[in-house]
Amino acid sequence: MPMRTRTGALTALTAAALAAGAVLTAPAAGAAPKAVQPKFLSASQLPPHPSSAWTAGPVTDGFPEELAACLGQEGLPGYDYRHRAFWTELETSAVQVTVVTGSTAKAKALAKALDDRIRTCADRIEESDPDTRAEGRYYGTLPVEEGARVRGLHTETSWGATDVSLLSVGRDGKTVTVVEWGQMGDFGDAPVGAFKKTTTTAVNKLY
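Draft legend 1. Summary view of the pairing of strand β6 (residues 148–157). Where burial is concerned, most of β6 is hidden: 8 out of the 10 residues are buried. Looking at chain direction, strand β5 (residues 132–142) and β6 are connected through 9 bridges and run antiparallel. Note on β6: the bridge partner recorded for Thr 141 is Arg 149. Adjacent in sequence and paired antiparallel, β5 and β6 are bridged by 5 residues, among which Glu 145 carries a positive phi angle near 45°. The turn linking β6 back onto strand β7 (residues 162–172) is made up of 4 residues, and Gly 160 within it adopts a positive phi angle of 100°.

Structure (structure tokens):
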């Protein structure tokens, strides 16, 4: 066979192979699109700190240790939790956790379970630690998507350590998010108005 003919044949085979490969690697018609993951807060959307900027960590799989004191994970449904931590240079911290459940009914049940744990957190802290006094406060609901509830928690130890936290649980369809803010101080140091705005942003931003 002349060289010119062999070259033409190889070119044709190569083109055919490439075309076949393109067919094999093309996505199947009607394939389900990848599920969209809920979005998280950015550092600039946290309650402003008077003298230090917020830093945002990466979005990480798993339930955050920062919420273990009130929420823990024992007894909660085994969903795929994801979280993001935030901090300033002056011992103020925050964390957001999100979870996508299988249905709106399951999300509603999970949101209630999480809010109940926050509501009863002060009593459970005092029961488990006689050296700590704890007080919870309820700051109401927010009219965002399927709603959000905001609560506060203040703890004071017998040796004088005092801390305050704000916590919220919100829901958008079958997705639930929890936001927590905390620092040294008492309820008078808690930016309730700004935290409500952060919670509203967190729920609106999920999708």
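Draft legend 2. The arrangement of the layout of surface pockets in detail. Each pocket or cavity is described by its volume, and for the largest pocket that value is around 340 Å³. Lining the largest pocket are 17 residues, with Glu 66, Ala 69, Leu 153, Ser 165 and Glu 180 positioned closest to its centre. Counting residues per element, the ones that place at least two in the lining of the largest pocket are β6, β7 and β8 (175–184). Its residues assigned to classes, the lining of the largest pocket shows 8 nonpolar, 5 polar and 4 charged. Lining of the second largest pocket is provided by 13 residues; of these, Lys 108, Ala 111, Lys 112, Glu 146 and Arg 149 occupy positions nearest its centre. In terms of residue count, helix α2 (residues 104–119) provides more of the lining of the second largest pocket than any other element does, 5 residues in total. Residue classes in the lining of the second largest pocket are distributed as 3 nonpolar, 3 polar and 7 charged.

Draft legend 3. Inspection of helix α3 (residues 121–128) at higher detail. Taken residue by residue, α3 has Cys 121, Ala 122 and Ile 125 as its buried positions. Here the buried residues of α3 occupy an arc of 100° about the axis, which is enough to place them on one side. Buried residues along α3 sit in contact with α2, β5 and β6.

Draft legend 4. The arrangement of helix α4 (residues 192–205) in detail. Helix length check: α4, at 14 residues, gives a terminal C-alpha distance of 20 Å against a target of 20 Å (1.5 Å per residue), a fit within 8%. Within the sequence span of α4, burial applies to Val 192, Phe 195, Thr 198, Thr 199, Ala 202 and Val 203. Down the axis of α4, the buried set is contained in an arc of 130°. They therefore lie on one face. α4 presents Gly 193 and Lys 197 as exposed residues on the side facing more than 90 degrees away from its buried surface.

Draft legend 5. Fine view of the pattern of salt bridges. Summed over all chains, the structure comprises 6 salt bridges. Among the ionic pairs, Arg 82 bridges to Asp 61, the shortest N-O distance being 3.9 Å. Of this pair, Arg 82 sits in strand β3 (residues 82–87) while Asp 61 sits in strand β2 (residues 60–61), and the two are 21 residues apart along the sequence. Given a relative accessible area of 64%, Asp 61 falls into the exposed group. The salt bridge involving Arg 151 is made with Asp 115; its shortest N-O contact spans 2.8 Å. Of this pair, Arg 151 sits in strand β6 while Asp 115 sits in helix α2, placing them 36 residues apart in sequence. We classify Arg 151 as buried; its relative accessible area is 10%.

About the cut-offs
Note on numbering: residues in each chain are counted from 1, in written sequence order. Note on the predicted model: pLDDT of at least 70 is required for a residue's local features to be given, and 80 or more for side-chain atom pairs to be given and counted; whole-chain, interface and lining totals, by contrast, use all residues. Side-chain metrics in this entry use all non-hydrogen atoms of the structure; hydrogen atoms and water are not considered. Buried, partly exposed and exposed residues are distinguished by accessible area as a fraction of the type maximum, computed with a 1.4 Å probe on protein chains only: under 20%, between the cut-offs, and over 50%, respectively. Secondary structure counts use DSSP, requiring at least four H or I residues in a row for a helix and at least two E residues in a row for a strand, with both numbered from the N terminus. Any two strands between which DSSP finds at least two bridges are classified as paired. Put plainly, a pocket is an open set of points on a 1 Å grid over the protein atoms alone with protein on both sides within 12 Å along at least five of seven lines, a cavity is a set where a 1.4 Å probe fits but cannot get out, and a lining residue has an atom within 4 Å of a point. Grid points are joined across faces, edges and corners, and a volume is the space filled by probe spheres set on the points. The classification used treats Ala, Val, Leu, Ile, Met, Phe, Trp, Tyr, Cys and Pro as nonpolar, Asp, Glu, Lys and Arg as charged, and all other residues, Gly among them, as polar. To obtain the arc, one takes the directions from the helix axis to the C-beta atoms. Residues count as neighbours in contact if any of their non-hydrogen atoms are within 4.5 Å of one another. To estimate the expected span of a helix, subtract one from its residue number and multiply by 1.5 Å. Any carboxyl oxygen of Asp or Glu that lies within 4 Å of a side-chain nitrogen of Lys or Arg is treated as forming a salt bridge with it.

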